[in-house]
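Summary of structural features
One-letter residues, chain by chain:
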Amino acid sequence: MSGMAVQPVLLWSDALLFVLIGVIVALVLWARRQDALRAAWARVAQNGVAMAAATVLGVFVLIGLLDSLHYRARLESPAGATARYAVEVNSALDALLADLRLRTEKTYSAPLATHLFAREALENSTQREFPRLQYGGAHLGENLSGRGLDIAVRVLRGVGGGLVVWLLLMLLARRIKVGAGGTAVRAVAVTLLPILLLFGVAISLSGGYHVFGTDKVGQDVLYLSLKAIRTGLLIGTLTTLVMLPAALLLGILAGYVGGWVDDLIQYVYTTLSSIPGVLLIAAAVLMMQVVIDTHPDWFATSAERADARLLALCLILGMTSWTGVARLLRGETLKLRELEFVQAAQAFGVGPFAIMRRHILPNLMHIVLISLVMDFSGLVLAEAVLSYVGVGVDPTTISFGTMINTARMELAREPMVWWSLLAAFSFMFALVLAANLFADAVRDAFDPRSSA
Amino acid sequence: MLAYIIRRLLYAIPILIGVNLLTFALFFVVNTPDDMARMQLGVKRVTPEAIQKWKAERGYDKPLLWNATAAGSAALTDTIFFSKSVRMFAGDFGRADDGRDIAREIGDRMGPSLAIALPTFVLGLFVAISFALLLVFFRATALDFGGVVLCVAMMSISGLFYIIGGQWLVSKVWHLVPISGYSGGLDAAKFLILPVIIGVIGGIGSSARWYRTIFLEEITRDYVRTARAKGLPERVVLFRHVLRNAMIPILTGVVVVIPSLFMGSLLTESFFGIPGLGSYTIDAINAQDFAVVRSMVFIGSVLYIFGLLLTDVSYTLADPRVRLQ
Amino acid sequence: MILSVKDLTIHIGAARPVEGVSFDIAPGECFALLGESGCGKSMTALGIMRLLPLAAQVAGGAVEFEGNDLLALPESGMRDVRGGGIGMIFQEPATSLNPVLTVGSQIVEALQLHAGLQGAAARTRAAELLDQVGIPDPRRRLDEYPFQLSGGLRQRVMIAIALAGSPRLLIADEPTTALDVTIQAQVLDLLDDLRRKQEMALLLITHDLGVVARMADRVGVMYAGQLVEVAPRRAFFAHPAHPYSVRLFAALPDAERRGGRLATIPGSVPAADVRHAGCRFVERCSEVMPVCRSAPPPWREVDAGPLGQRVRCFLPGAAPGVAPTVGAGETPLAFESKPLLDVTGLQVHFPIRRGILQRVVGAVRAVDGMSLQLMPGRTLALVGESGCGKTTAGKAMLQLLRPTAGSVLLDGVELTTRSTGELRPLRAKMQMVFQDPFASLNPRLRIGDIIAEGMQALGTGAKSGGDMAARVGTLLEQVGLRADMTGRYPHEFSGGQRQRIAIARALAVNPQLLICDEPTSALDVSVQAQILNLLSDLQSELKLAYLFITHNIAVVDYLAHDVAVMYLGRVVERGSADEVLRHARHPYTKALLAAVPRIDGLGKAVVKLSGDMPSPANPPAGCHFHPRCPLADEACRRSYPAERLFGATHAVRCIKA
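Residues numbered from 1 in each chain as written. Chains lettered and ligands numbered in written order. Predicted model: local features only at pLDDT ≥ 70, side-chain atom pairs only at ≥ 80, totals over all residues. Heavy atoms only, no water.

Notes on the overall build of chain C
To keep it simple, the criterion reads: Under the scheme used here, helices are H or I runs from DSSP no shorter than 4 residues and strands are E runs no shorter than 2 residues, and both carry numbers assigned from the N terminus. Every radius of gyration here is taken over C-alpha atoms, with the globule rule written as 2.2 Å times N^0.38, N being the number of residues. Only protein chains enter the accessibility calculation, which uses a 1.4 Å probe. A residue is then buried if its area is under 20% of the maximum for its type, exposed if over 50%, and partly exposed in between. In what follows, residue pairs with any heavy atoms lying within 4.5 Å of each other are defined as contacts. Only the protein chains shown count as cover for residues, and all accessible areas are computed by the Shrake-Rupley method using a 1.4 Å probe.
What chain C contains, in helices and strands, is 22 helices and 24 strands. Its C-alpha radius of gyration of 26 Å places chain C within 12% of the 26 Å reference for a compact globule of 657 residues. Dimensions of chain C, computed from C-alpha atoms along their principal axes, come out at roughly 70 × 65 × 50 Å. Taking all 657 residues of chain C together, 56% fall into the buried category. Partitioning the intrachain contacts of chain C with sequence separation of at least 6 by distance along the chain shows that 66% fall at a separation of at least 24. About 25100 Å² of surface is accessible on chain C, with carbon and sulfur atoms providing 52% of the total.

Structure below.
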């Protein structure tokens, strides 16, 4: 055998995501040495709501990270021949959820259903009937009367499983004596319980049913919802990451150097911000689409193409949102510039760039952090709207926006196909609410004004 | 004061030029008209003739910036830049792909847009400020805490959900108002009431929370302590002293969007079938009608810059420190 | 008794900023609460008014005002007391008035509430009140906004608002701390006058012994949330009984202690959340006995009688005085040397832009042609009120701000014409110590890095990292800190310690000239003494020259060899300390000296200044001082006076001198 069983694929967005995680780890290490920052994080940790939100976010991030380890599976090939790999790019999450991913039905089916949603003309029959699902409830065979009991049993089993895992975790935590922060541990534990119970129930049910039903092409909605998490996380974080260097550089330069540099930078960001965000994004995305469509040869796989479009969307969103952060940083730099420690450095003849790096930048990091967490939820929500408008991610990329977009065609249908909308909105709500609550705690802990 | 306004107006000119150049670059330099033609016509039908025809129909068959074949000033004017970008300053936006005059279309659609956006804005502002004042009056009580949690929860819900959920509940389940549509005159009310209410509810979470923060910041100031030391009741302290001062930061955030109300709302209009500028823009985006999108970008910027100007003026009026110096 | 506070205790979470405070105020009496920052005196006042911040609450005690227990009143009843029975004014007149309401409406508001006046009657009464607090042209002022008034006038408006309800008690929380000394004198006079005319009691909260001496009938000294001594003014100033009070007096700089050391109180005030088994002052007291640590000291009467002197201390009899360290007087002068710093005609103008095209239509003349010389190893004090341009001048000398015109010679080398790069090697010779110890250290850097910054930037430090660390350690010990503190961050240090670090940072590059910009004005008296001692030790050790920028005349008297008095961007009088402070000739200098409240309570032949300093954007023609000068005549209005010499070193810019 030559070659590995899988060929790892590093998409650009994966790479940037790992860079982002690297940056966060580096920042955490730096912050650990800074007493003031450590104290601020300690304040976040003492906030029960914040820690609960962080737990929820952590679960989302874990799913997103699993979904960012991409590979191409090895195809069956005769021994000795060079290994060939599938065109399809999958992720570790796809591998874990292979059952959900592969069990596609023909079209819509309601949550936990055993039949399709719409009547169809069956073979050997003149009547239009609800066709039986290929996978949903297949284990029940012809005897559908046992469905209610089966579901109840599975739910109980799931609850039991979740509870057992939770208790094991608690034992483990007690054994290794996690931290001293009682509030934090309690909040995490209390949050983990419902999460684990939900997971248990979902896993147990999805063995035999489509928990959230299926969509138009018969894909499992639970699978789609879980896949959409990565897109939301990427848009929420990478956008800020790609705009941050520019915003930091220009904001600090404008504030510290002043004069014509300030005038020029202010002109640039006033001009950019005067174009209504959605329109600028729409225009830029339309243009990007033309570029991508006219250069199909740039991308080896459709995954790469979709990924390029996702990154381009982040870049465009970043282009339109850096102005706010830059303005904030400029204002803060103006204040810092007048502080006496900056003048003390000037009295030693320290150069302007050294002052910006040593004295200004570290004192702006809390603003960067606050804007990072505050922007996140807005961006996740914006993705849905943009994808709905048609200027969001690639239609083949699974995201909350594309889920809603495909589902809206069915809004007028009677009875309504509500499950993929509700699933998308619920997941989005959980993610955004957790992010908002966490962001609030971070802001309260880091903003010198609110801690007064 | 007058000199100030004139100076702000003068400052708007380079910004408008910048916006114009930016849109030109975005629409004609990032992609050539040939690229756009190829994409619009689709891979199958692309022939050099078809591309030429597509460009000629839209006036994209000229040179970008300098027409070497034309004589005199036409070398500058008979170009894409002049005919498509510079002429926007004169209110000439050209024609849409369906052949209609964009400027006229915009004029027709401003009314319906405004009919939704203006009531939403006014009502939303009133409701959010009242709610924030209520929370501040009961600050540090369970009511305040619950209110903030409600705000955070409401702002965590996607705007699409408010619209879809509202339509489903009010129109499909309760059958109170038509699900979508529009008509002129007083009859419009039945079409407008639901989108306005949904707009107000959708915006209340984030704005009420923001106003509350402003009020709370204001309430810690020394002059509030002075007002209490006079023996004023809390109600008077809040309405007379805090609200007056808090209006200054609120104005700066709020006035800037007033001119942009003309642009309408993309989502609301497209869901409710309101023939305004928002749905016009969405249709253009979906049809990839570059001329319309370009025009809307320009108009949006003009309105925003006008909003900035209004903000400066209102700020000046609200704050005696700025007004009298 | 009009006000009687019994065992007042205030909690903020676990902290006890006020614990068991009791005192009485008789009608018409002025009772001063004296204490350093953070001792709980403002919190006590807010507790009486029930205006505490949300986090704080009264945990016990009683406040009786005219026989009513204020703590038991419903909120509506308390509102009648606020502004009606008890008026209150605050420290910061700049922020204590509502910026978007007119002065008139803010007074009328109180009149409607407490005097039942409406409309025109209220307006007339408001104008009367403004007139009563000494605001000229009161009718016009009614329609102005607070930002249009100077600090002194704003504080007068605050007093007018407080008077609107004809209160029987006025609580004044540091009413003059934010004001200049000449304005302070005006406001104190006004308060004293009103108190006598209206028979209003006054609860005066202050940290300034001079203000207490000027105003109080009785004094209560607060320390760490408790009253430690209560005494009639005369007794208190004649023989303070608590060791803390004794030390406070000894820490005050003045001319007698010149060249000697000030008594200091070691350490700092304990934090409010520390629990005390015994006396709160025990860690800093020089007379400590074993019992002081185990039990809280009881009240002991030094003088009998209800209004006599009482002290909370175990020491029998009065605390022993601190032996006056009479200074060695003048250090011998080295007259042969040429000046280290020679400034001539220094100007710093900031352009004022107006109109559509933002043309320069004028200039704020912050520094407008000042000249001075500083000899090596000597201290020159640059004295003036806020806004006179003294800080700007200091920064311009260091070239932190580029001067508009003039010459600055450092050791004979012209600085103003040098580029930033050319200046760098010279920066090791001159350094600055700033006013605010909290803003002058970067909170994100360790102390070691802060001190080493100059050495790294100027390359004056040691070659190796180890040498650098050793040098930083030496510097820390030189300023009275420990060498092992290099790894800590600024927030772990108190204000006084931070100022020591800032001094070490400046010393790191071995400067010859140190420009000290109000280095002690943000510090409490006891800590100020520590820093002043340190500065004078360093001077004799390292032969440093100081340009000491300050508004504090007592500090000048204690440490300056030479003095230059600034008014509106120019030096109006300069000479040796003795010449300027004892034989002042300029009317402004005289007024400035007379306005300083003295702790011996002796008033001089008082030269009171009226009005405020004019704006440096539009200085008066002729002598800048003439609109406020009691001696001014036609000649003063015509041209700015030339410098006149009285003796070798005493120069005055006044034609009447």
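Points about the pattern of salt bridges
Residue and element names in this part refer to chain C. Here is the rule: Here, a salt bridge means any Lys or Arg side-chain nitrogen found within 4 Å of an Asp or Glu carboxyl oxygen.
Under the defined criterion, the tally for this structure stands at 60 salt bridges over all chains. Residues D192 and R214 are paired through a salt bridge, measuring 3.5 Å at the closest nitrogen-oxygen approach. Of this pair, D192 sits in helix α8 (residues 181-198) while R214 sits in helix α9 (residues 209-215), placing them 22 residues apart in sequence. Among the residues examined, D192 registers a relative accessible area of 9% and is labelled buried. By relative accessible area, R214 is classed as partly exposed at 31%.

Side note on the pairing of strand β9 (residues 218-223) of chain C
Residues and elements named next belong to chain C. Test applied: We call two strands paired when DSSP finds no fewer than two bridges between them.
Counting buried positions along β9 gives 6 out of 6 residues, so the element sits mostly inside the fold. Taking every second residue as pointing to the same face, both faces of β9 are buried, with R218, G220 and M222 on one and V219, V221 and Y223 on the other. Both strand β3 (residues 30-34) and β9 contribute to a ladder of 4 bridges, which runs parallel. Within the sheet, the bridge partner assigned to L34 lies in β9 and is V221. In this sheet, strand β10 (residues 226-232) lies alongside β9 in antiparallel orientation, the contact comprising 6 bridges. Considered in β10, the bridge of M222 is made with L227. Hairpin geometry of β9 and β10 is characterised by an intervening segment of 2 residues between the two adjacent antiparallel strands and by a positive phi of about 50° at A224.

Section: helix α9 (residues 259-274) of chain A
Put simply, the test is: Helix span, as expected, comes to 1.5 Å for every residue beyond the first.
Between its first and last C-alpha atoms α9 of chain A spans 22 Å; for 16 residues at 1.5 Å apiece the expected length is 22 Å, and the two agree. Buried within α9 of chain A we find V261, D262, I265, Y269, T270, T271, L272, S273 and S274 of chain A. Those residues of α9 of chain A that are buried are in contact with α8 (221-257), α10 (277-294) and α11 (302-337) of chain A together with α1 (2-29) and α14 (290-318) of chain B.

Some thoughts on the interface of chain B and chain A
Accessible area lost on assembly of the parts is the figure often given for the size of an interface. Formally: The term buried area means the drop in 1.4 Å probe accessible area that two parts suffer when joined, counted for both and summed. Whenever a nitrogen or oxygen atom comes within 3.5 Å of another N or O atom, the pair is scored as a polar contact, on the condition that within protein one atom can donate a hydrogen and the other can accept it, and that pairs from neighbouring residues in sequence are kept only if both atoms are in side chains. Side-chain classes follow a simple rule in which Ala, Val, Leu, Ile, Met, Phe, Trp, Tyr, Cys and Pro form the nonpolar group, Asp, Glu, Lys and Arg form the charged group, and the remainder, Gly included, forms the polar group.
The interface is formed by 45 residues belonging to chain B together with 47 residues belonging to chain A. Around 3900 Å² of area is buried between chain B and chain A when both sides are counted, 75% of it from carbon and sulfur atoms. Taken together, the connections running from chain B to chain A amount to 1 salt bridge. Where D440 of chain A meets R209 of chain B, a salt bridge forms, and the shortest distance between an N and an O atom there is 2.5 Å. The interface formed by chain B and chain A contains 4 residue pairs in polar contact (both at pLDDT 80 or more). Looking at which element gives the most residues to the side of chain B that touches chain A, the answer is α14 of chain B, with 9 residues. Residues belonging to the side of chain B that touches chain A are distributed by class as follows: 31 nonpolar, 10 polar and 4 charged.

Topic: the interface of chain B and chain C
Each side of the interface is counted separately: chain B has 28 residues, and chain C has 32 residues. Buried area between chain B and chain C, both sides added, is near 2600 Å², and the carbon and sulfur share of it is 64%. On the chain B side of the contact with chain C, R225, A229 and K230 of chain B bury the most area, a combined 23% of that side's loss. Our count for the contact surface shared by chain B and chain C stands at 2 salt bridges. A salt bridge links E109 of chain C to R240 of chain B; its shortest N-O distance comes to 2.4 Å.

A short note on the environment of L142 of chain C
All names here are of chain C. Positionally, L142 belongs in the loop between α6 (138-141) and α7 (151-163). Taking relative accessible area as the criterion, L142 reaches 0% and is therefore assigned buried. Taking C-alpha positions, L142 is 48 Å from A241, a pair spaced 99 residues apart along the chain. When sequence neighbours within four positions are dropped, the list of residues in contact with L142 reads T102, V103, G104, R123, A126, A127 and L130.

Focus: the sheet that holds strand β1 (residues 3-12) of chain C
Read across the open sheet, the 4 strands follow the order β2-β1-β4-β5 (chain C); overall the sheet is antiparallel. This sheet does not close on itself; its edge strands, each paired only once, are β2 (15-25) and β5 (68-69) of chain C.

Here's the deal with the pairing of strand β7 (residues 169-173) of chain C
Residue and element names in this part refer to chain C. So the rule is basically this: The crossover handedness rule: strands pointing away from the viewer, path from first strand over the helix to second strand clockwise, crossover right-handed.
In terms of residue burial, β7 counts as a mostly covered element, since 5 of its 5 residues are buried. Burial along β7 is two-sided: L169, I171 and D173 and L170 and A172, pointing in opposite directions, are all buried. Across 4 bridges, the pairing between strand β6 (residues 86-89) and β7 is parallel. Paired with I89 across the bridge in β7 is A172. Of the pairings in the sheet, the one linking β7 to strand β8 (residues 201-206) comprises 5 bridges and is parallel in character. Across the sheet, residue D173 finds its bridge partner in β8, namely I205. Crossover β7 to β8 through α8 is right-handed.

A word on a nonpolar patch on the surface
What counts, and what does not: The patches described consist of residues with a relative accessible area above 30% and no salt bridge, like charges being joined within 9 Å and nonpolar side chains (Val, Leu, Ile, Met, Phe, Trp, Tyr) within 5 Å.
The grouping of L2, I6, L10, I13, I17, L21 and F89 of chain B together with I356 and L357 of chain C at the surface amounts to a nonpolar patch, some 830 Å² of accessible area in total. Looking at where F89 of chain B falls in the secondary structure, it is placed in the loop between α5 (80-85) and α6 (102-137).

Structural notes on the packing of helix α16 (residues 419-446) of chain A against helix α7 (residues 142-155) of chain B
Stated formally: The axes used here are C-alpha line fits, helices contributing only the stretch in contact, and every angle between their N-to-C directions lies in the interval 0 to 180 degrees. Angles below 35 degrees are treated as roughly parallel, those above 145 as roughly antiparallel, those between 65 and 115 as roughly perpendicular, and all remaining angles as oblique. Here a crossing is called left-handed whenever its near helix is offset anticlockwise from the far helix by less than a right angle, and right-handed whenever the offset is clockwise.
Here α16 of chain A crosses α7 of chain B at 135°, and the two axes come no closer than 8 Å. Taken together, the axes of α16 of chain A and α7 of chain B lie oblique to each other. With respect to the hand of their crossing, α16 of chain A and α7 of chain B are arranged in right-handed fashion. Across the interface between the two elements, F429, L433, N436, L437 and D440 of chain A from α16 of chain A touch V152, A153 and M155 of chain B from α7 of chain B.

Remarks on the nonpolar core
We count it as follows: By nonpolar core we mean a set of buried residues, namely Ala, Val, Leu, Ile, Met, Phe, Trp, Tyr and Cys, connected to one another through side-chain atoms within 4.5 Å. In this entry, domain limits derive from an automatic or database-based domain assignment.
Among the nonpolar cores identified, the biggest contains 183 residues, and I404 and F446 of chain A are the most heavily contacted of them. Of all the elements, α8 of chain A adds the most residues to this core, at 20 residues. The residue makeup of this core includes at least three contributed by each of domain 1 (2-90) and domain 2 (104-318) of chain B.

What about the sheet that holds strand β3 (residues 85-91) of chain A?
All names here are of chain A. Ordered by their spatial adjacency, 3 strands build an open sheet running β1-β2-β3, and the pairing between neighbours is antiparallel. Single-partner strands in this sheet number two, and they are β1 (6-9) and β3. When strand polarity is set aside, the average angle formed by the axes of neighbouring strands in this sheet is 30°. One ladder, built from 4 bridges, connects β1 with strand β2 (residues 70-74); its direction is antiparallel. Its bridge partner lying in β2, Q7 is registered against R72.

Observations regarding the side chain of R247 of chain C
All names here are of chain C. What counts here: Only four residue types enter the tally: Lys and Arg on the positive side, Asp and Glu on the negative side; His and the chain ends are excluded.
Assignment of secondary structure puts R247 in helix α11 (residues 243-250). No salt bridge is formed by the buried R247; its nearest oppositely charged neighbour, E287, is found at 4.9 Å. Of note is the side chain of R247, whose polar atom sits 3.1 Å from the backbone oxygen of T264.

Some remarks on unusual backbone geometry
One non-glycine residue with positive phi stands out, namely Q288 of chain B, at about 50°. A relative accessible area of 14% places Q288 of chain B in the buried class. A positive phi angle, close to 55°, is found at D137 of chain C, a residue other than glycine. When you line up the elements, D137 of chain C lands in the loop between α5 (119-132) and α6. Look at D137 of chain C and you get partly exposed, because its relative accessible area is 40%.

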